[in-house]
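Here is what each chain is made of, one letter per residue.
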Amino acid sequence: MSVSLVVIRLEMADRSPVPRGFQYSAGLSEEELQEKSLGLAKLTLSGRSDLERTTMLQQHIGSRAMGDMVIETFEPCPGGSNEQHDVSQDADVQDGSAVTGTTPDSPSKQLPEQISFFSGNPSVEIVHGIMHLYKTNKMTSLTEDVRRSAMVCILTVPATMTSHDLMKLLAPFNDVMEHMKIIRDSTPNQYMVLITFCSQADADSFYTACNGRQFNSIEDAVCQVVYVERAEVIKSEEGASLPVMELTELPKCTVCLERMDESVNGILTTLCNHSFHSQCLQRWEDASCPVCRYCQTPEPVEENKCFECGVQENLWICLICGHIGCGRYVSRHAYKHFEETQHTYAMQLTNHRVWDYAGDNYVHRLVASKTDGKMVQFECEGETCQEEKIDALQLEYSYLLTSQLESQRVYWENKIVHLEKETAEEINNMKAKFKETLERCDNLEQRLGEISKDKQSIDKKCTQLNTRVLKLSQELKEEQEMNRCLRSNQVQLQAQLAEEERRGKESGERKEGVIAELQEQLRDVMFYLETQRNIEQLSSEARSEIQDGQINIPANPTDDELGLAGPSSSRGRRGRGRKRK
């Protein structure tokens, strides 16, 4: 078997006090609880103006009005008895202020100057708001070992059952209960109970023992127990009436005014899209809808219509001849029938009321017969009966007028009180908004002064930076002019350098040519000297032979040929040639 866990949300008014110890969460951290409770509301209200937020919140609240709710807390003591305290001793503790007095000099001075006290029941709190009841879209098994909750809720307890009777019913579980809260709102003849147990096992035991059980043997009401996943208190301005992720809000049955949950009771939806408990709709002895009176199974009616004009609304039948005519607010055919026939009595077909055209009033007076108790027409004759009828009519009219005036007085007094409350709340809201506006203006003025000071300092820095920029611009221009001059000088120097390099290259080439010529001459001189030395060392015959010899010099000999010939032959040839000369 699986059930849906419920979530109880208490939407508080802005000025209402927050009840103590009401919030509860089954295994959720504070961050997860905030995300689940107000995640979608914050996303919906973010980026909207105050007027749009107010309009959206009012649209989701709809016709529901905030009312006073009484929350009574019971904390069972061990052993089933409550401790009694001395009021005179606990007065200072509850109020939190010390009793001041003087040193008693006489019996008259033994009384303190100030006595602290408290009034009322400290376990009873009155809050102003709307109670929302949601169910989780995910089903939770009752047979498997899964986490459910240690808090349960009894949805409806008859008002005839007092707190003492409820404590007697819950007496077997007194030792395992942490606390119990009784919540009474504007719903008549019933109230809701929240019970927190020490563990989930204790809550399971209570659910198994009490769910579906009658409160007593006299009344038919049964105990409907559900697990509470969390109980939360949220201000209305924070979006408490907005939809919640993964939750569905449970409506109320119009017949019995109890919450409807298909996992607890069967729900039947009519053709006009209104939902009720199936048992409540069975007890509704009418074919129409309890909310809008739409006829679900219309009964067949005779097609009556006016004999003259054929109109089918506001019809009257003559009790004398059975003529059917329309009323005086349509075409007056029923009244014209009376003028023509003097048939005085006519009955309206819709509500069976009888009208006397002669007396110009209703005459359907029915009384109970003393013999058999049936309803018969009351008949009397004579002036006494007529006077008694007039007196009875006057008394009835006076009673009706008095009751209506009293109801109107109560209505308008309640209306005035409601308007005064609304006006006071609006005035308080306007005062709070005015105070917030003044604080905001003061903060803005302070912020404006700080921004003005910052602006002055920034302007001063900007002036200094502008001066520095101008100075740097002038320096940049000077550097650019100097760079241009240096570039022109560089071009001239580069041209001069190129000219000097060209000249040096030419002089180097000339010097290399001179050096090569000098080297050639030096080589010839060395060759001549060496050859002369060699010739001097030869014999006279060799000398004469050399003197008679000839030297043939080929045209343009190469260095390789000179090298292959050897130095001795070249030198000898030159020596002989010179010697011949």
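This is a predicted model, so every value here is computed, not measured. (Residues numbered from 1 in each chain as written. Predicted model: local features only at pLDDT ≥ 70, side-chain atom pairs only at ≥ 80, totals over all residues. Heavy atoms only, no water.)

## Some points on the overall build of the protein chain
Move 1: Within the protein chain one finds 11 helices and 18 strands.
Move 2: A total of 581 residues make up the protein chain; the buried ones form 26% of that total.
Move 3: Long-range pairs, those at least 24 residues apart, make up 64% of the contacts in the protein chain between residues at least 6 apart in sequence.
Move 4: Here the protein chain displays about 41,000 Å² of accessible surface, and carbon together with sulfur accounts for 52% of that area. (Helix = DSSP H or I, 4+ residues; strand = E, 2+ residues; numbered from the N terminus. Buried < 20%, exposed > 50% of the residue type's maximum accessible area, 1.4 Å probe, protein only. Contact = heavy atoms within 4.5 Å. Areas by Shrake-Rupley, 256 points an atom, 1.4 Å probe, with all protein chains shown as cover.)

## Some remarks on the pairing of strand 1 (residues 2-12)
Move 1: Burial analysis of strand 1 places 10 of its 11 residues in the buried class, the great majority of the element.
Move 2: In this structure, strand 1 lies alongside strand 8 (residues 225-235), joined through 7 bridges in parallel fashion. What sits directly across from Leu10, in strand 8, is Val233. (Pairing = 2+ DSSP bridges.)

## Section: the side chain of Thr136
Move 1: On the secondary structure map, Thr136 appears in strand 4 (residues 124-141).
Move 2: Assessed through its relative accessible area of 9%, Thr136 is described here as buried.
Move 3: At 3.2 Å, the side chain of Thr136 and the backbone oxygen of Lys138 are in polar contact.
Move 4: When near neighbours in sequence (up to four residues on either side) are disregarded, Thr136 contacts Ser4, Leu5, Val7, Glu229, Glu246 and Leu247. (Polar contact = N/O pair within 3.5 Å; in protein donor to acceptor, adjacent residues only side chain to side chain.)

## Looking at the sheet that holds strand 14 (residues 345-348)
Move 1: Ordered by their spatial adjacency, 5 strands build an open sheet running 13-12-14-15-16, and the pairing between neighbours is antiparallel. On the outer flanks of this sheet lie strand 13 (324-326) and strand 16 (361-362), each paired with one strand and no other.
Move 2: Sheet analysis places strand 12 (residues 315-318) next to strand 13, joined by 3 bridges and oriented antiparallel. When the sheet's bridge partners are listed, Leu315 is paired in strand 13 with Cys326.
Move 3: Across the face of the sheet, helix 7 (residues 333-341) comes into contact with strand 12 and strand 13 while running at roughly 125° to strand 13. (Axes fitted to C-alpha atoms, helices over the stretch in contact; angles between N-to-C directions.)

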